[in-house]
Amino acid sequence: MVFMSGESVNMLLNRILTAVIGVPLIFICIYCGNVAFYIMMFIISFLCVYECLTILKKYNPHTIVSLIMASLFFVFIYFFNSTMIDKVAFSAIIMIFILFFVEVVFCENPSFSIERIAISFFGAFFIPLALLYMSYIRNLDNGMKFIFFLFIVVWVLDTAAYGFGILFGQHELAKDISPKKTIEGTIAGIVFGILTAYLCRYVFMQDVLTITESLMLGFVIAIIGQFSDLAESLIKRDANIKDSGKIIPGHGGVFDRFDSYIFVAPTVYYYILLFLK
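In this convention, every chain numbers its residues from 1, walking through the sequence in written order. The predicted nature of this model means local features are confined to residues of pLDDT at least 70 and side-chain atom pairs, given and counted, to a pLDDT of 80 or more, with totals for whole chains, interfaces and linings taken over all residues. Note that water and hydrogens are dropped before the side-chain values are worked out from all heavy atoms of the structure.

Turning our attention to the overall build of the protein chain. The numbering of helices and of strands both runs from the N terminus, where a helix is a DSSP run of H or I of at least 4 residues and a strand a run of E of at least 2. Per the secondary structure count, the protein chain includes nine helices and two strands. Order of helices (α) and strands (β) in the protein chain, N terminus to C terminus: α-α-α-α-α-α-β-β-α-α-α.

Moving on, we come to the packing of aromatic side chains. Two aromatic rings, drawn from Phe, Tyr or Trp (for Trp, its six-membered ring), form a pair once their centres lie within 6.5 Å of each other, and the interplanar angle then sorts them: stacked below 30 degrees, edge-to-face above 60, tilted otherwise. Here the structure, examined in full by the defined rule, presents 21 aromatic pairs. Relative to Phe-74, the ring of Tyr-38 lies with its centre 5.2 Å away and its plane at 50°, an arrangement referred to as tilted. Residue Tyr-38 is found in helix H2 (residues 34-55), and its partner Phe-74 is found in helix H3 (residues 63-76); the two are separated by 36 residues along the sequence. Assessed through its relative accessible area of 0%, Phe-74 is described here as buried. Three or more aromatic residues joined by ring pairs make a cluster, and in this case those are Phe-27, Phe-148, Phe-151, Trp-155, Phe-258 and Tyr-261. Throughout this description, buried means an accessible area under 20% of the type-specific maximum (1.4 Å probe, protein chains only), exposed means over 50%, and partly exposed covers the range between.

The biggest cluster of nonpolar side chains holds 74 residues, and the ones touching the most others in it are Phe-151 and Ile-221. Filtering out sequence-adjacent residues up to four positions away, Phe-151 remains in contact with Ile-26, Ile-30, Phe-37, Met-40, Met-134, Phe-258 and Tyr-261. What we call a nonpolar core is a set of buried Ala, Val, Leu, Ile, Met, Phe, Trp, Tyr and Cys residues that are connected through their side-chain atoms within 4.5 Å. Any two residues having at least one pair of non-hydrogen atoms within 4.5 Å are treated as being in contact.

It is worth spelling out helix H9 (residues 254-275) at this point. Between the first and last C-alpha of H9 there are 31 Å, a value that for 22 residues agrees with the 32 Å anticipated at 1.5 Å per step. Considering bend angle alone, the principal kink of H9 is centred on Val-264 and spans about 40°; proline Pro-266 follows within four residues of it. Summarising burial for H9: 16 of the 22 residues are buried, a large majority. Expected span, for any helix, means 1.5 Å times one less than how many residues it has. Two axes are fitted around each residue, one to the seven residues ending there and one to the seven starting there, and the angle between them is reported as the bend at that residue.

On to helix H5 (residues 113-138), then. Across its 26 residues, H5 extends 38 Å between first and last C-alpha, which sits within 8% of the 38 Å expected from 1.5 Å per residue. Most pronounced at Phe-122, the bend in H5 amounts to some 40°. Counted residue by residue, H5 has 21 buried out of 26 residues, so it is predominantly covered.

Looking now at the pairing of strand E2 (residues 178-182). Sheet analysis places strand E1 (residues 172-174) next to E2, joined by two bridges and oriented antiparallel. Among the inter-strand pairings, Ala-174 is bridged to a residue of E2, identified as Ser-178. For two strands to be treated as a pair, DSSP must find no fewer than two bridges joining them.

Assignment of secondary structure puts Ile-223 in helix H8 (residues 211-239). C-alpha separation for the pair Ile-223 and Gly-193, spaced 30 residues apart in sequence, amounts to 9.1 Å.

Phi angles above zero are rare outside glycine, and Asn-60 is one such case at about 55°. Inspection of the secondary structure puts Asn-60 in the loop between H2 and H3. Even without glycine at this site, Asn-142 takes up a positive phi of about 60°. For Asn-142, the location among the structural elements is in the loop between H5 and helix H6 (143-168).

Right, let's get into the packing of H5 against H6. Axes here mean lines fitted to C-alpha atoms, for a helix over just the part in contact, with angles spanning 0 to 180 degrees between N-to-C directions. At a closest axis distance of 7 Å, the pairing of H5 and H6 adopts a crossing angle of 135°. Here H6 runs oblique to H5, going by the angle between their axes. Each of Met-134, Ile-137 and Arg-138 in H5 lies in contact with H6, whose residues at this interface are Gly-143, Met-144, Phe-146, Ile-147, Leu-150 and Phe-151. All amino acids are sorted into three groups, where Ala, Val, Leu, Ile, Met, Phe, Trp, Tyr, Cys and Pro are nonpolar, Asp, Glu, Lys and Arg are charged, and the leftover types, Gly among them, are polar. In the contact of H5 with H6, the residues fall into seven nonpolar, one polar and one charged. Under this scheme an angle from 65 to 115 degrees is roughly perpendicular, one under 35 degrees roughly parallel, and one over 145 degrees roughly antiparallel; angles in between are oblique.

Pairing between side chains of opposite charge can happen when their charged atoms approach one another. Salt bridges are defined by distance alone: a side-chain nitrogen of Lys or Arg within 4 Å of a carboxyl oxygen of Asp or Glu. Applying the stated criterion across every chain, the model contains seven salt bridges. Here Asp-207 and Lys-145 are joined by a salt bridge, their closest N and O atoms 3.1 Å apart. Of this pair, Asp-207 sits in the loop between helix H7 (183-204) and H8 while Lys-145 sits in helix H6, placing them 62 residues apart in sequence. Residue class for Asp-207 comes out exposed when judged on its relative accessible area of 58%. A residue is classified by how much of its surface remains accessible, and Lys-145, at 22% relative accessible area, is partly exposed.

Functional significance is not addressed by these values, which are geometric in nature.
This is how it looks when you write it as structure tokens:
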């Protein structure tokens, strides 16, 4: 018989309670779309950037500058049409790199200068851009359904991976990065991700996806989502911390809760364009 520790039970209950409160709010923003969904993703992006830079504070990243640039980039991109987005993104890359190099060149302490630039750039540009793809997906034909599909599949597979990992996990997946993640939990996440994708298709996406397409999309989300989670764990391992923050009971920080979407959002967006259009 498998027993869960009191700490694990409390954490699981906190996760469920957070979902009961948070899920309806997120679903309302998804349903409303437009500004409501965009504001939600802006807040998520800002908090993810802040927590990431806080985690890696030992490298002394340009926290304030990165937060300002990340916010401006996320806001300004909303006002450009699709034909201008690539030009704006490219211009932002050049401007941010120049700004960070100028600061490092003239600073008094050049220690960790390359790491500082890389981490600051990661926060100022990569995280916001990756999460912007959630808005791009929402703006596609049937975008609301795809976003609901994406959120539901990720939530279920994350919960399944966590629960089965606690109950049945025996073999570590990547012990040097995340000792608590197990092969058993990962397999459960993949299985439940695929099953959830099929159920989502059955309930509200029969006019959008075939059975095969739903299963394949669920598989892609399950693989990329768990890999994205591991990538965030790598960052936390470098800082030797367990959670990116404490703002979400049972989940840690916003970065902990939405880390899967950083790799999943752009992957799903281009998957839709390449294989489902």
